[in-house]
Structures are given as structure tokens and as C-alpha cells.
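An overview of the molecular structure
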Amino acid sequence: MAHANPPTDQLLRETCARMAERFHWADDFDTVMQDRVRSRMVRLAARHPTAAAGAAPRAPCAPAWRPRPPATGGRFLDRKRAASGERDDD
């Protein structure tokens, strides 16, 4: 498997700034890159920007199904009974 090119310094700085805002890091870029865990997070986010950015918020959509409105007429319709062929006057 071929390895991807390492991210550029500018890309690392932009990613670090974005993550510092998101995670409330008060440290500067050099301090973050000295930290083993945070530097790894920044490098991973720089290599996979779409995964690190998070999904864009979706607009709410209409449900795939719509509930059937109640039948008017005041009577309850027993569908199983109607399917069996049974009638009220039997």
C-alpha cells in the first residue's frame, strides 16, 4: 500500500487552528506539535480533512411514510374482520 505524502506545514497550521478553536486549545502551534497526542490528532485531521471537519448539518426532510388519517364516519373499521368476510349482521 502506498503511503500518502506528508501534509504541508501550512496545512498543519490551518488544521491546528481549526482544532484549537473547536477543542478550546489555548496553546500555540509549536506547543501543540510538541505534545505527542495532540500532534498526532492534527496530523490525522490534516490527512483526512473531510472526516475531521464533521458532517455538514442536514436540512430536516419529510418522513418517507405518512400516517393514514382517521376514517371519517364515526365507526371503527376492523380491517382483520373485514378481510375475513365477517359482517355485523351475521
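Our structure is the block above this text.
Residues numbered from 1 in each chain as written. Predicted model: local features only at pLDDT ≥ 70, side-chain atom pairs only at ≥ 80, totals over all residues. Heavy atoms only, no water.

Here's the deal with the packing of aromatic side chains
What counts is decided by this rule: Centres within 6.5 Å make a pair out of two Phe, Tyr or Trp rings, where for Trp the six-membered ring is used; the pair is then stacked when the planes are under 30 degrees apart, edge-to-face when over 60, and tilted otherwise. Ring-over charges, as used throughout, are those where CZ of Arg or NZ of Lys falls within 6 Å of the ring centre and within 35 degrees of the ring normal.
Per the counting criterion, the structure on display carries one aromatic pair. Above the ring of Trp-25, the side-chain terminus of Arg-38 is found at 5.3 Å from the ring centroid.

Things to note about unusual backbone geometry
This is how it is decided: Numbered from the N terminus, helices here are DSSP runs of H or I no shorter than four residues, and strands are runs of E no shorter than two. To sort residues, take the accessible area from a 1.4 Å probe on protein chains only and compare it with the maximum for the residue type: under 20% means buried, over 50% means exposed, and anything in between is partly exposed.
The phi torsion at His-24 lies on the positive side, around 60°, for a residue other than glycine. Tracing the backbone through its elements, the reader meets His-24 in the loop between helix H1 (9–23) and helix H2 (29–34). Judged by relative accessible area, which is 71%, His-24 ranks as exposed.

Side note on helix H3 (residues 36–47)
Stated precisely, the cut-off is as follows: Between the first and last residue of a helix there are one fewer steps than residues, each counted as 1.5 Å, and that sum is the expected span. Think of the arc as the fan of directions from the helix axis to the C-beta atoms.
When the terminal C-alpha atoms of H3 are compared, their 17 Å separation across twelve residues agrees well with the 16 Å that a helix rising 1.5 Å per residue should span. Within the sequence span of H3, burial applies to Arg-38, Ser-39, Val-42, Ala-45 and Ala-46. The buried residues of H3 occupy an angular sector of 130° when the element is viewed end-on, so they sit on one face. Seen from the open side of H3, the exposed residues pointing more than 90 degrees away from its buried face are Arg-36, Val-37 and Arg-40.

Spatial relationships are all this shows, so hold off on functional conclusions.
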